[in-house]
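# Summary of the model geometry
Next come the chains, spelled out residue by residue.
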Amino acid sequence: MPSKESWSGHRANRSAVHNSKQESRQQDLLIAALGMKLGAQKSSVTIWQPLKLFAYSQLTSLVRRATLKENEHVPKYEKIHNFKVHTFRGPHWCEYCANFMWGLIAQGVKCAGLNSEGLYRVSGFSDLIEDVKMAFDRDGEKADISVNMYEDINIITGALKLYFRDLPIPLITYDAYPKFIESAKTTDPDEQLQILHEALKLLPPAHCETLRYLMAHLKRVTLHEKENLMSAENLGIVFGPTLMRAPELDAMAALNDIRYQRLVVEMLIKNEDILF
């Protein structure tokens, strides 16, 4: 009959052999996943090839996005604009920008009411929105749009949307429109970003700067999605037709483009930190 010491030694040997086999199997899996060979180890297992290709594609995508973000930013302004504050009677001409555009940073979007459910989707009372328009026409930059004057944030957001809809030249201009739509029709995410980056360069400086500021604001809105229920997709539905209009007069073509307009704004919001 074996002694207690010999039985304990036998169990220890069996445990060591089991651990050795387990470590060997884990090493084989790692080698197979990385597609490497070490000495006389077994050759790569072909079933891991798709995983390796996926990891490579993800790494490539990250590098391309980082390069896009660092190398070719949209140029920022180096001068002060010389347009007057916009009123709803009509936008003022800016000699520096050589275009019509509103001083959105000085006069526009404030990140108030971010937790309001349906922000930008819910319409404000039309008579009060008209009152905001009249206030800007009458008082310009001194117009009081504070919460003390208009408690319902949807009145202010409604006036902002109305402003963009009334622009004689859309924020995303007719000339740049086809390029933006092309990005929405592209299926590859990295190619979409590249085309969007090229499309932004087609915008006049004032339009591009205003779009940058607006997208940064809408990105902050999405950070409160749990409270306001406004995702980038929902905001795209609201702002797509507001910020861009088809240059063609064909009503059917314009109707077909609505889904792509939504996608354009959605992509701009989601990739605001990369594109601007």
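Heads up: the structure comes first, above all this text.
Figured I'd write up the structure that's included with this text. (Residues numbered from 1 in each chain as written. Predicted model: local features only at pLDDT ≥ 70, side-chain atom pairs only at ≥ 80, totals over all residues. Heavy atoms only, no water.)

### Observations regarding the overall build of the chain
Which entries qualify depends on this criterion: Helix and strand definitions follow DSSP, with helices as H or I runs of at least four residues and strands as E runs of at least two, each counted in order from the N terminus. Here the term buried applies to any residue with accessible area under 20% of the maximum for its type, exposed to any over 50%, and partly exposed to those in between, with areas from a 1.4 Å probe on protein chains only. In what follows, residue pairs with any heavy atoms lying within 4.5 Å of each other are defined as contacts.
Counting its regular elements, the chain contains 13 helices and two strands. Counting every position in the chain, which comprises 276 residues, the buried fraction comes to 39%. Sequence-distant contacts, at least 24 apart, represent 67% of the contacts inside the chain between residues at least 6 apart.

### Overview of the pattern of salt bridges
The condition is simple: Throughout this description, the term salt bridge denotes a Lys or Arg side-chain nitrogen within 4 Å of a carboxyl oxygen of Asp or Glu.
With the rule as written, the count across this model stands at eight salt bridges. As a salt-bridge pair, Glu209 and Arg212 come within 2.8 Å of each other at their nearest N and O atoms. Placement of the pair is Glu209 and Arg212 together in helix H8 (residues 205-222), with a separation of three residues, close to one helical turn. Relative accessible area serves as the criterion here: at 21%, Arg212 is assigned to the partly exposed category. For Lys270, the salt bridge goes to Glu266, with nearest N and O atoms at 2.9 Å. Here Glu266 and Lys270 lie together in helix H12 (residues 258-270), a separation of four residues that amounts to about one turn. Through salt bridges with shared partners, one network takes in Glu233, Arg262, Glu266 and Lys270.

### With respect to a nonpolar patch on the surface
Convention followed: What goes into a patch is any residue over 30% in relative accessible area without a salt bridge, connected to like charges within 9 Å or, for nonpolar side chains (Val, Leu, Ile, Met, Phe, Trp, Tyr), within 5 Å. Methods summary: accessible areas were calculated by the Shrake-Rupley approach with a probe of 1.4 Å, and residue burial reflects only the protein chains presented.
Taken together, the side chains of Met252, Leu255 and Ile258 define a hydrophobic patch exposed on the protein surface, amounting to about 300 Å² of accessible area. Here Leu255 lies in helix H11 (residues 251-256). We classify Leu255 as exposed; its relative accessible area is 52%.

### Let's talk about the environment of Asp144
Note the following rule: Polar contact criterion, stated in full: a pair of N or O atoms within 3.5 Å, where within protein one must be able to donate a hydrogen and the other to accept it, and residues adjacent in sequence count only if both atoms are side-chain atoms.
If you trace the backbone, Asp144 turns up in the loop between helix H4 (126-139) and helix H5 (153-166). Here Asp144 falls in the partly exposed class, since its relative accessible area comes to 39%. Counting along the chain gives twelve residues from Asp144 to Val132, while the straight-line C-alpha distance between them is 8.6 Å. Contacts of Asp144, omitting those with residues within four sequence positions, involve Met149 and Tyr150. Reaching out from Asp144, the side chain makes a polar contact with the side chain of Ser146 at a distance of 2.7 Å.

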